[in-house]
Amino acid sequence: MLDTLRELNPGLPFYSVSDPEFAAYGRVVEDMDLSDLAAAVAALPMPEKGQSAYEPSIDSLEKCASAAEVSRVLYGEMPTQAGCCWGYNNQMNALEWHQGSEINLAVGEPLVLLLATLFDLENGKLDASKVKAFVLETGKAIEVYGTTLHYCPCQVSDKGFKCLVCLPKGTNTDLKLPHEDKRLTANNKWLLAHEDCTSLLESGAVAGISGENWVVRY
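Our subject in this report is the structure included herewith. This structure is a prediction, so every number in the text was calculated from the model and none was measured.

**Observations concerning the pattern of salt bridges**
Moving on, step 1. With the rule as written, the count across this model stands at 8 salt bridges.
Moving on, step 2. Here Arg 6 makes a salt bridge to Asp 3, at a shortest N to O gap of 3.9 Å. Taken together, the residues span about one helical turn, with Arg 6 and Asp 3 both in helix 1 (residues 2-8) at a distance of 3 residues.
Moving on, step 3. Residue Arg 6 is classed as partly exposed on the basis of its relative accessible area of 37%.
Moving on, step 4. Notably, a salt bridge pairs Lys 63 with Asp 59, separated by 3.0 Å at the nearest N-O pair.
Moving on, step 5. Asp 59 gets classed as partly exposed once you look at its relative accessible area, which sits at 48%.

**What about the packing of aromatic side chains?**
Moving on, step 1. On inspection of all chains with the given rule, the structure shows 3 aromatic pairs.
Moving on, step 2. Connected via pairs of aromatic rings, a cluster forms that spans Tyr 15, Phe 22, Tyr 25 and Phe 134.

**Points about unusual backbone geometry**
Moving on, step 1. Unlike most non-glycine residues, Asn 123 shows phi in positive territory, near 55°.
Moving on, step 2. Mapped onto the elements, Asn 123 comes out in the loop between strand 7 (111-117) and strand 8 (126-127).
Moving on, step 3. Looking at Asn 123, the relative accessible area reads 82%, which means it is exposed.
Moving on, step 4. At Asn 172, a position not held by glycine, the phi torsion is positive, near 70°.

**Digging into the pairing of strand 6 (residues 102-106)**
Moving on, step 1. Where burial is concerned, most of strand 6 is hidden: 5 out of the 5 residues are buried.
Moving on, step 2. With burial as the criterion, each face of strand 6 is covered, one bearing Glu 102, Asn 104 and Ala 106 and the other bearing Ile 103 and Leu 105.
Moving on, step 3. Relative to strand 10 (residues 141-144), strand 6 is paired through 4 bridges, and the arrangement is antiparallel. Across the sheet, Leu 105 pairs through a bridge with Ala 141, a residue of strand 10.

**Remarks on the sheet that holds strand 6**
Moving on, step 1. The strand order 2-10-6-13-4-3 describes an open sheet built from 6 strands, whose pairing is antiparallel. Because the sheet does not close on itself, it has two edges, and the strands there are strand 2 (26-29) and strand 3 (52-55). On average, each strand axis in the sheet is inclined to that of its neighbour by 20°, with strand direction left out of account.
Moving on, step 2. In the sheet, strand 2 pairs with strand 10 via 4 bridges, with the strands oriented antiparallel. Looking at strand 10, one finds that Gly 26 is bridged to Val 144.
Moving on, step 3. Of the strands in this sheet, strand 4 (80-87), strand 6 and strand 13 (161-168) are in contact with helix 2 (residues 35-42), which crosses strand 13 at around 125°.

**Here we look at the side chain of Asn 172**
Moving on, step 1. Position of Asn 172 among the secondary structure elements: in the loop between strand 13 and strand 14 (184-186).
Moving on, step 2. In contact with Asn 172, other than residues within four places in its own chain, are Tyr 54, Pro 56, His 98, Leu 167, Ala 186, Asn 187 and Lys 189.

Reading the values: the criteria
- Each chain has its residues counted from 1, running along the sequence as written.
- For a predicted model such as this one, the threshold for reporting local features is a pLDDT of at least 70, and the threshold for listing and counting side-chain atom pairs is 80 or more; totals across whole chains, interfaces and linings nevertheless cover every residue.
- Only hydrogens and water are set aside when side-chain values are computed; all heavy atoms of the structure are taken into account.
- For this analysis, a salt bridge means a side-chain nitrogen from Lys or Arg found within 4 Å of a carboxyl oxygen belonging to Asp or Glu.
- Every helix listed is a DSSP run of H or I at least four residues long, and every strand listed is a run of E at least two residues long, numbered separately from the N terminus.
- Using a 1.4 Å probe on the protein chains alone, a residue whose accessible area is under 20% of its type maximum counts as buried, one over 50% counts as exposed, and one in between counts as partly exposed.
- Paired rings are identified among Phe, Tyr and Trp, the last through its six-membered ring, by centres lying within 6.5 Å, and are further divided according to the angle between planes into stacked (under 30 degrees), edge-to-face (over 60) and tilted (the rest).
- Two strands make a pair as long as DSSP finds a minimum of two bridges between them.
- Orientation is described by axes fitted as lines to C-alpha atoms, over the contacting stretch for helices, and by angles from 0 to 180 degrees between their N-to-C directions.
- We call two residues in contact whenever any of their non-hydrogen atoms come within 4.5 Å of each other.

Structure follows, in structure tokens:
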């Protein structure tokens, strides 16, 4: 798969999350049985073709025994939430980050994460040439560090993607107070939109990414 993605996407560096290049962005989570969470994610109905969905907290996922283990083991007993991002997408459009790591698990099909880091920003802006693509293989779980810029996964087949998303509790929920930093678009969610992504800019997102608005071809 990597060879095909590299051939079809010249200019966008492609790696597996198992490659050493991923160390700057996160780590593979090993020795944890997340099979009940994977089954709960697999049971979620897919959105309509061409659409993607995100729910920060899903009851059927949070009832899983391994959701409590994620909180205990990976977050040191911090309150966490278990949600999902799933559907159909093949373009970057924006990148976001949080205070705290994010746990991802690919269910059903592999998926691609387009990543950069806060250290790649210059004067609060990002050149898209800094972005790298990482394949998250089916059934593999990763921790994405809080310094890593990420957004909606990209599909690598017409079947779309399903990605478990575990985060500190309350992340991506509505803000309750005014904030000077307009990049803060939700609780614990800072976002930079690509300057060509009209839909996000019209919703009030800050234009902070220039260069190629990467499309993943498969």
